[in-house]
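Coordinate inspection notes
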Amino acid sequence: MARGSSAPAPELPPDDVIREILLRLPPHPACFQRASLVCKHWRRLVRDPDFLRGLRARHLHGAQPLLGFFDQDASFAPAGEPPDRATVAHLSSRPSRTWVLGCCHGRVLLCSTLDPLQLLVWDPMTPGPLPVFMGPRSPHLENRFVPLPIRGSFICVHDDDSHDGEDCRSRPFRVVILSFSGNLMFAGMYSSKESRWHLATVQPDVSSIGIQPGVLVEDTMYWLSPNQNRFVEYDIDTNQLRLIQGLPTDPYGPYDYYQGVKAGGGYLGVAAVRGSCFELFALTADSNGTMMWTKCLGAKLDEHLSPPLKAIEVSDEDGNTMLFETADGVFELELQSMEVNKVLQSDVVALSTMIAYRSLYVAGRSGGNDG
């Protein structure tokens, strides 16, 4: 071999092979950030819009990574700790004069504080015009707009389970709100397909104080009112609104904290906490058709979390979780797997209502820069 010669550089695998390897990484922004640092070629592949579309198609049915939490006033607390924390500057720059009602599949439901009532759908990862639609009017209010909703949820509409690989951001959506005016309670559903509202009204003896964020089970939305020992139930398909009386208790009486959750199998659930004791109940029917709370699960939280611990109100439309604040930080309890993960540091002040924001995100993309 001649002096000064060197072995030829190994041939790189085709882009399709590299792209497939990258798509198999855990779908967390930190993984793709590290991959983009390998070389300029990998950085171009990761930041290619086709890569993000493929990533979203692959993870349509899976839980998307938690990027952080909104408060209703749109304050944003990023989840995790460096270097795995997703620093997305534009998550803190939502449209002015709005507050956050809910998040689903990367889109955020905003409510304008202006009069008359307007709702907006904001995608922090995709700059551009925001879908804006007016709130519902009610004949009970002389055809005026209903007041600002106290709760709202954003729901992606899927015609089937395949999605044809289509990104949810391009899909139709539905919005569900809960609002009060005097002794009237309104629940309504807006369909982007129909561009119209369906509104139900009742006159219950129920207060808006303390009503928790909604939980969607099948095609029914449930809002828990622990102060009044009941759920508000809104059937989206039939546009019917009713109350479900009673919450589970034990020999010591009511629990310290309740949260409406999904119990699995299409059942409404309620998670109940007393001290460090956790129990999960499902609303089932006995042989006579009488509805009752059936215990599904029990656990000792102090086996996973350091006491004292405090449950925090959370809205997680993409997941099924509870949040607990301890001296070590804020931890997420995933109710299906019962896994516990730290999501906020102890120096981060927990927000009054934690609205979870989950999205597939690649740092450095156009429209998805990390600032």
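Residues numbered from 1 in each chain as written. Predicted model: local features only at pLDDT ≥ 70, side-chain atom pairs only at ≥ 80, totals over all residues. Heavy atoms only, no water.

Turning next to the pairing of strand β26 (residues 329–334). With five of six residues buried, β26 is to be regarded as a mostly interior element. Across six bridges, strand β25 (residues 321–326) lies against β26 in antiparallel orientation. Bridging from a neighbouring strand, E325 pairs with V330 of β26. Connecting β25 to the antiparallel partner β26 that follows it, the hairpin turn spans two residues. (Buried < 20%, exposed > 50% of the residue type's maximum accessible area, 1.4 Å probe, protein only. Helix = DSSP H or I, 4+ residues; strand = E, 2+ residues; numbered from the N terminus. Pairing = 2+ DSSP bridges.)

A separate point is the packing of aromatic side chains. Across all of its chains, the model carries 14 aromatic pairs by this definition. An angle of 80° between the planes, with centres 5.6 Å apart, marks the rings of F32 and F51 as edge-to-face. Within this pair, whereas F32 is found in helix α2 (residues 29–36), its partner F51 is found in helix α4 (residues 49–58), the two being separated by 19 residues in sequence. Taken individually, F32 and F51 each receive the classification buried, so the pair is uniform in this respect. Counting every residue linked through ring pairs, the aromatic cluster contains F133, F154, F173, Y190 and W197. Note that R274 overlies the ring of Y255, its terminal NZ or CZ placed 4.9 Å from the centroid. (Phe/Tyr/Trp six-rings, centres within 6.5 Å; stacked < 30°, edge-to-face > 60°. Lys NZ or Arg CZ within 6 Å of the ring centre and 35° of its normal.)

Glancing now at the pattern of salt bridges. The final tally for this structure, using the stated rule, is twelve salt bridges. Of the charged contacts in the structure, one is a salt bridge between R24 and E20, with a shortest N-O distance of 3.2 Å. Here E332 makes a salt bridge to R358, at a shortest N to O gap of 2.8 Å. Here the residue E332 occupies a position in strand β26, and R358 occupies one in strand β28 (residues 354–358), the gap between them amounting to 26 residues. Side by side, E332 and R358 carry an identical accessibility label, which is buried. Shared partners join several salt bridges into a network, and the residues in it are R174, D219 and D237. (Salt bridge = Lys/Arg side-chain N within 4 Å of Asp/Glu carboxyl O.)

A few words now on unusual backbone geometry. Residue P308 follows P307 across a cis peptide bond; omega there is 0°. Tracing the backbone shows P308 in the loop between β22 (291–300) and β23 (310–312). Even without a glycine there, the phi angle at R97 is positive, about 55°. Residue placement: R97 occurs in the loop between β2 (76–78) and β3 (98–104). Exposure remark for R97: the relative accessible area of 57% places this residue in the exposed category. Although it is not a glycine, S195 adopts a positive phi angle of roughly 55°.

Closest axis-to-axis distance for the helix α1 (residues 15–23)/helix α3 (residues 40–47) pair is 11 Å, and the angle between their directions is 65°. Of the possible angle classes, the one that applies to α1 and α3 is roughly perpendicular. Between α1 and α3 the crossing geometry is right-handed. Where α1 abuts α3, its residues D15, I18, R19 and L22 lie against H41, W42, L45 and V46. In terms of residue class, the contact of α1 with α3 is built from five nonpolar, one polar and two charged. (Axes fitted to C-alpha atoms, helices over the stretch in contact; angles between N-to-C directions. Parallel < 35°, antiparallel > 145°, perpendicular 65-115°, else oblique. Left-handed = near helix turned anticlockwise from the far one by under 90°. Contact = heavy atoms within 4.5 Å. Nonpolar A, V, L, I, M, F, W, Y, C, P; charged D, E, K, R; others polar.)

Bringing α4 into the picture now. When we look at burial in α4, the residues that qualify are F51, L52, L55 and R56. The arc enclosing the buried residues of α4, seen along the axis, measures out at 135°, which places them on a common side. Sitting at the amino-terminal end of α4 is D48, which places a side-chain oxygen 2.7 Å from the backbone nitrogen of D50. (Arc of directions from axis to C-beta. Polar contact = N/O pair within 3.5 Å; in protein donor to acceptor, adjacent residues only side chain to side chain.)

Our focus in this paragraph is the sheet that holds β28. Paired through backbone hydrogen bonds, the strands of a sheet run either parallel or antiparallel to each other. In space, the four strands of this open sheet follow the order β2-β1-β28-β24, with mixed pairing throughout. The open sheet is flanked by β2 and β24 (314–315), the only strands paired with a single partner. Bridge count between strand β1 (residues 66–70) and β2: three bridges; the pairing is antiparallel. Residue F70 lies in a different strand from β2, and its bridge partner there is F76.

Of all hydrophobic cores here, the largest spans 20 residues; its most connected members are L119, F133, F154, F173, V175 and W197. Elements with a minimum of two residues in this core: β3, β4 (107–112), β5 (118–122), β9 (151–156), β10 (173–181) and β11 (184–191). In this view, L119 contacts L101, L109, L110, P131, V132, F133, G135, I177 and W197; residues no more than four positions away in its chain are not counted. In this structure, V176, M189, V206 and V232 belong to the second largest nonpolar core, which totals 16 residues. (Core = buried A, V, L, I, M, F, W, Y, C linked by side-chain atoms within 4.5 Å.)

With that settled, the discussion passes to the environment of C111. By the secondary structure assignment, C111 is in strand β4. Distance in space between the C-alpha atoms of C111 and R97 is 8.5 Å, their sequence separation being 14 residues. When sequence neighbours within four positions are dropped, the list of residues in contact with C111 reads R97, T98, W99, L101, L117, Q118, L148 and P149.

These figures capture arrangement, not role.
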